Amino acid sequence: MSTPTPTPIRPAVNAWNAEYLEAQYEQYRVNPGAVASDLREFFSGFDLGRAGGADSAARANGAVVSGGAGAVTGEELRKAVGVATLIEAYRELGHTAAAIDPFGREPRDPSPMLNPSFHGLDDRDMDRAFPAGSLSPDGSPMTLRAIIDMLDTTYCGTIGVEFHHVTNVDEREWLMERMERTRNHPPVTDEERRHILQQLQNAEGYEKFCSKRYPTTKRFSLEGGESLIPMLDRMIDSFGGFGVREVVMGMAHRGRVNVLANIVGKTYEQIFTEFEDAWTEDNALGGGDVKYHRGYSNARQLSSGGSIWISLASNPSHLESQCAVVLGKCRAKQRLSGDVERSKCVPILMHGDAAAIAQGVMAEVYNLSQLEGYTVGGTVHIVINNLVGFTTGPEDARSSRYCTDIAKMIEAPVFHVNGEDPEAVVHVARMAVEYRMRFKKDIVVDLVCYRFHGHNEVDVAAFTQPVLYQHITGRPSVLANYSAKLVSEGVITPEEKDRIAKEVESGLDRAQGAARQKPVDPLADPGLRRWEGFDNQFTFEPVDTAVSKDVLEEIADAMGRLPEGFTPHEKLVKEIEKRASCVRNDLPLDWALGESFAVGSLLLEAKVVRLSGQDSGRGTFSHRHAVLHDFKTGATYVPLNHIRELGVPGTDKDFGTICEDGPFKGKPRQAKYCVFDSPLSEYSVMGFEYGFSMASPDMLVMWEAQFGDFSNGAQVIIDQFLAAGEVKWQRWSGLTLLLPHGYEGQGPEHSSARLERFLLLCGGAVQNMIVAYPSTPAQYFHLLRRQVKSSFRKPLVVMTPKSLLRLPEASSRVSELTGGRFLELIDDPMFVKGQADRKGVQRVILCAGKVYYDLIKRRAELNRTDIAVIRVEQLYPLHLEELQRVVEQYPKGREKLVWVQEEPQNAGAWQHMFVTLSQEIGWNLPYIGRLASSTPATGSPRLHAEQLEEFLSDAIGPSPVAKVPAGAH
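Note that the coordinates shown come from a computational prediction; the quantities given were computed from them, not determined experimentally.

Quick notes on the rules
Residues numbered from 1 in each chain as written. Predicted model: local features only at pLDDT ≥ 70, side-chain atom pairs only at ≥ 80, totals over all residues. Heavy atoms only, no water. Core = buried A, V, L, I, M, F, W, Y, C linked by side-chain atoms within 4.5 Å. Buried < 20%, exposed > 50% of the residue type's maximum accessible area, 1.4 Å probe, protein only. Contact = heavy atoms within 4.5 Å. Phe/Tyr/Trp six-rings, centres within 6.5 Å; stacked < 30°, edge-to-face > 60°. Lys NZ or Arg CZ within 6 Å of the ring centre and 35° of its normal. Salt bridge = Lys/Arg side-chain N within 4 Å of Asp/Glu carboxyl O. Helix = DSSP H or I, 4+ residues; strand = E, 2+ residues; numbered from the N terminus. Pairing = 2+ DSSP bridges. Right-handed = clockwise from strand over helix to strand, strands pointing away. Axes fitted to C-alpha atoms, helices over the stretch in contact; angles between N-to-C directions. Parallel < 35°, antiparallel > 145°, perpendicular 65-115°, else oblique. Left-handed = near helix turned anticlockwise from the far one by under 90°. Nonpolar A, V, L, I, M, F, W, Y, C, P; charged D, E, K, R; others polar. pLDDT = per-residue confidence, 0-100.

(A) Region of interest: the nonpolar core. F597, W899 and L917 are the most contacted members of the largest nonpolar core, which has 158 residues in total. Leaving out residues up to four positions away in the same chain, W899 has contacts with L846, C847, A848, V872, L875, A909, W910, M913, L925, P926, Y927 and I928. One finds A89, M113, L312 and M350 within the second-largest nonpolar core, a separate group that totals 74 residues.

Next up, the structure:
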């Protein structure tokens, strides 16, 4: 017999109504197994409440007891249902009435469902006993008054909790039990309270000292949010209790220096050196950054006696941009240590309330949280909720109740905690850590506090927030209130309170004096730990990147070897066979093979390779096929992970160790090729890979754009981190960007990777990036290998091909991989091989990339031997010495020199080359190419062809088979 669907009389949390329950209750009395488990539990408690157990429990509480266990009435069921729905309403909506405002103001729009009358209950029911389910410690009924008191204390105190959007039953029950068992107010020992007081004193003492000694200096103080320090202190100590060895943190600028000093362990001497602007050693780099954007790393002592490594990432003013970077850095550390459980290195991200919901990258970062290629096993998010963003109030900053509502997209529990209750703050910190370590998921803590000053210390916040700052002005600090409480309760004496404050101030005073006498380097050495042995000095010294033919054959064999029963797509069968035989048969190698051999050879040298981006497994242009899919089952297979036996990082079978048995006995284990198709995001994914590269200098880390122009979706990462991070923060990265680029008449959207933008970002004494436009698979092969095998690390930006992927003229031979190296400049093969005499050259063309093949094709059509075409394969750093040597081999080479490109005049590399050559060696460089344009390319295939013919005619000569368009110049 089917169970009728209930129709609620009024909205109820579980949609039960009395009529439905009466029918179900009758079934239950006949056969308890005939009803659902939640109803069985409810009816069991209901019967207990109506029986003697309820009588005794209620009388013990002085309650009025409703009649015994006779016939059930509809009214009794309605009341019991009302209590059950009230309990659920508190669990779901108690946060709307929670006392989380630091100024004690009434909650905004508390839910009417928290009123007993909404559930059909009134004052006459307050002392009646009702089944309370899991709310009751021993399962016995409780009076309604006791139930409401417990719910108010748990869910409407200084902690408000949102967890009903979490669909996982285990997580919900764990959170509920954890909070209701302690009523969200676990006992705190006097020793713990003194420790909290010390943390608050450290936080406030630092800010007060700086406000007196540096009154006009911007520092973006933590004042008003000092409870962040005991919160982080408890989190890190709790993580240490779980065996965590490293915590990677990210935060914006407000409170950063305080966190650096009191949590990370940057010394006051280092900080005051920055305040005094006394460190000049690094000024030659022409960069640096302000103190409230810099990061630091250090070992922090735990209460257990051990230590944990803490690193706070540097961050620009693009507030949430560091979030993805921190997660990538954490993932790399987990990968390198073999932390498959993601329990040894964990991330903490701190956000401002305005940025937490308004910066789009946050949605991207949350989306990464459970994806295979990007998960870090859960992040603890802390929102330092100042109730205002610069001058923008919450009513103008978001459309939802809370700034944390965006976290609900991944069902992350959210704790809202009043920053004026440091004991509640510490309790929430411990719960957040326990949840993250137990469930390996994100959790959010909304620390509701305030900003004592305006946006900075000299800003007048009352201009735009007069009412808010009436509450703030003259308000006692959280330290003042908490210390007064501890004195009144006899935990400390007034003399102890004063002594603690004086010790903090005298320590700061001594540090300032020491920094003035002897400035201290404020930055951590970038060459420590995993970076030992690397440097940041670019050099043109040749790097041995060639590999033996035996190695190439071994890789080719693996590319042609499939698991038993694996069925590839029928169109890939011939391609797989070609890959397997290409070395033995000395077949031309295309771009995909050049890349595969670079990756495979690095794997055999125990170098992990990571590639991510949209469609990276197959390749946007269906060329890579690094990940094969079984046509029948959908199972995946990565051939390059089966060249030899895979090593397991962090174990005695790590990559590079010798296989002891099996088909690869006696050979070193290979590293892994990690290929991930990313979500449709550039900002967060590139940021993630940048962070990954910062912690893994011995890996090849690549991010590929679906099309090159999609990289501009991550412009913040490119501008603020990739290009400037080395000079601003002395942080090194070897991230490689693969950006498909080339003009093929497909319109303005996917023609240009905006080469000119990257070149504009290059410069300075440190030679901050490498920008390359290789023209052959062999060049690409050596370039990728050089990125890992060189002694220095720089971000590498590669213009990768589209049409050249399969152009026969753009192929390479096996001998070019077994010999040679990456050439920053390639002289014209026609003259190098003696096919024509250099003495007859009347024009020397410099170019880069794909246009080279258009130029030599036109030259061959016209049978011209008086034009040399030289390829500049690395545009920055430009190998000027080699360029001079090659050009001066031609008669009057520099006088006959021109630059040809397919990009418009205001794009591409010409302006960079023109300025560099004129400034560095005094050469002029005339331009041939498309006219300047505000759009990368025309959308008309006909006009594209006309433009191509026009500049090829200017550079080489008119086509013998095509008429030059009218108006050509």
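(B) Highlighting the packing of aromatic side chains. Applying the stated criterion across every chain yields a total of 27 aromatic pairs. In this structure an aromatic cluster arises from ring pairing among Y206, F209, Y214, Y268, F272 and F275. Here K208 stacks its cationic end above the ring of F452, 5.4 Å away from the centre of that ring. The ring of Y852 has R871 sitting right over it, with the charged end atom 3.8 Å from the ring centre.

(C) Representation of the pattern of salt bridges. Scanning the entire structure with this criterion turns up 59 salt bridges. Across the pair K79 and D125 runs a salt bridge, and its minimum N-O distance is 2.8 Å. A residue pair is termed long-range when its members are at least 10 positions apart, and K79 in helix α4 (residues 74-93) and D125 in the loop between α4 and β1 (129-130) qualify at 46 residues. The two residues K79 and D125 agree in class, both being buried. Among the ionic pairs, R105 bridges to D101, the shortest N-O distance being 2.9 Å.

(D) Structural context of the pairing of strand β9 (residues 414-418). The element β9 is extensively covered by neighbouring structure, given that 5 of its 5 residues are classed as buried. Burial of the side chains of β9 extends over both faces: V414, H416 and N418 are buried on one face and F415 and V417 on the other. Pairing between strand β3 (residues 159-162) and β9: 4 bridges, direction antiparallel. Bridge pairing in β9 links G160 to H416. Here 5 bridges tie β9 to strand β10 (residues 443-448), and the two strands are oriented parallel to one another. Across the sheet, residue N418 finds its bridge partner in β10, namely V448. Read as a crossover between parallel neighbours, the route from β9 over helix α15 (residues 422-439) to β10 is right-handed.

(E) The arrangement of the packing of helix α7 (residues 190-213) against helix α17 (residues 478-488) in detail. The N-to-C vectors of α7 and α17 enclose an angle of 150°; their axes lie 10 Å apart at closest approach. Our classification of the angle between α7 and α17 gives roughly antiparallel. Handedness of the crossing formed by α7 with α17: left-handed. Judged by residue contacts, R193, I196, L197, L200, Q201 and E204 of α7 engage V478, L479, Y482, S483, K485 and L486 from α17. Class assignment of the residues belonging to the contact of α7 with α17 gives a composition of 7 nonpolar, 2 polar and 3 charged.

(F) The arrangement of unusual backbone geometry in detail. In this structure, P877 follows Y876 across a cis peptide bond, with omega equal to -15°. Along the chain, the position of P877 falls in the loop between β22 (874-876) and α30 (880-887). We note that F390 has phi near 55°; this positive angle belongs to a residue other than glycine. Along the chain, the position of F390 falls in the loop between β8 (380-385) and α14 (394-397). A positive phi angle is found at Q730, which is not glycine, with a value near 55°. Considering the arrangement of structural elements, one finds Q730 in the loop between α24 (725-729) and β16 (736-740).

(G) Quick look at the confidence of the model for the protein chain. Averaged over the protein chain, the pLDDT score is 91; the fraction of residues at 70 or greater is 93%. With pLDDT under 50 throughout, residues 52-69 is counted as low confidence; its partners more than four residues away or in other chains account for 24 contacts.

(H) Local environment of the sheet that holds strand β24 (residues 927-930). Spatial strand order, β19-β21-β20-β23-β24: 5 strands in an open sheet with mixed pairing. Of all the strands in the sheet, just β19 (825-826) and β24 have a single pairing partner and so form its edges. In this sheet, strand β21 (residues 867-872) lies alongside strand β20 (residues 843-847) in parallel orientation, the contact comprising 5 bridges. Note on β21: the bridge partner recorded for L846 is I870.

(I) Spotlight on the sheet that holds strand β15 (residues 700-704). Read from one edge of the open sheet, 7 strands run β14-β11-β15-β16-β18-β17-β22, paired in mixed fashion. The open sheet has two free edges, formed respectively by β14 (673-677) and β22, since each of these has just one partner strand. Across this sheet, the average inter-strand angle for adjacent strands is 20°, counted without regard to direction. As defined by bridge partners, strand β11 (residues 609-613) adjoins β15 across 5 bridges and the pair is classed as parallel. Each residue of the ladder has a partner; that of R610, found in β15, is V701. Against the sheet, helix α22 (residues 683-694) contacts β11, β15 and β16, and its axis sits at roughly 170° relative to β15.

(J) Highlighting helix α29 (residues 851-861). Considered for burial, the residues of α29 that qualify are V851, Y852, Y853, D854, L855, R858 and R859. Buried positions along α29 lie against α28 (829-832), β20, β21, β23 (897-904) and α32 (941-955).

(K) Quick look at the packing of α7 against helix α18 (residues 494-517). Where α7 meets α18, the axes come as close as 9 Å, and the angle between the chain directions of the two elements is 45°. As the angle between them shows, α7 and α18 are arranged oblique. Seen along the crossing, α7 lies across α18 with a hand that is right-handed. Here α7 contributes L197, Q198, Q201, N202, G205, Y206, F209, K212 and R213 to the contact with α18, which in turn contributes I500, A501, V504, E505, L508, D509 and Q512.

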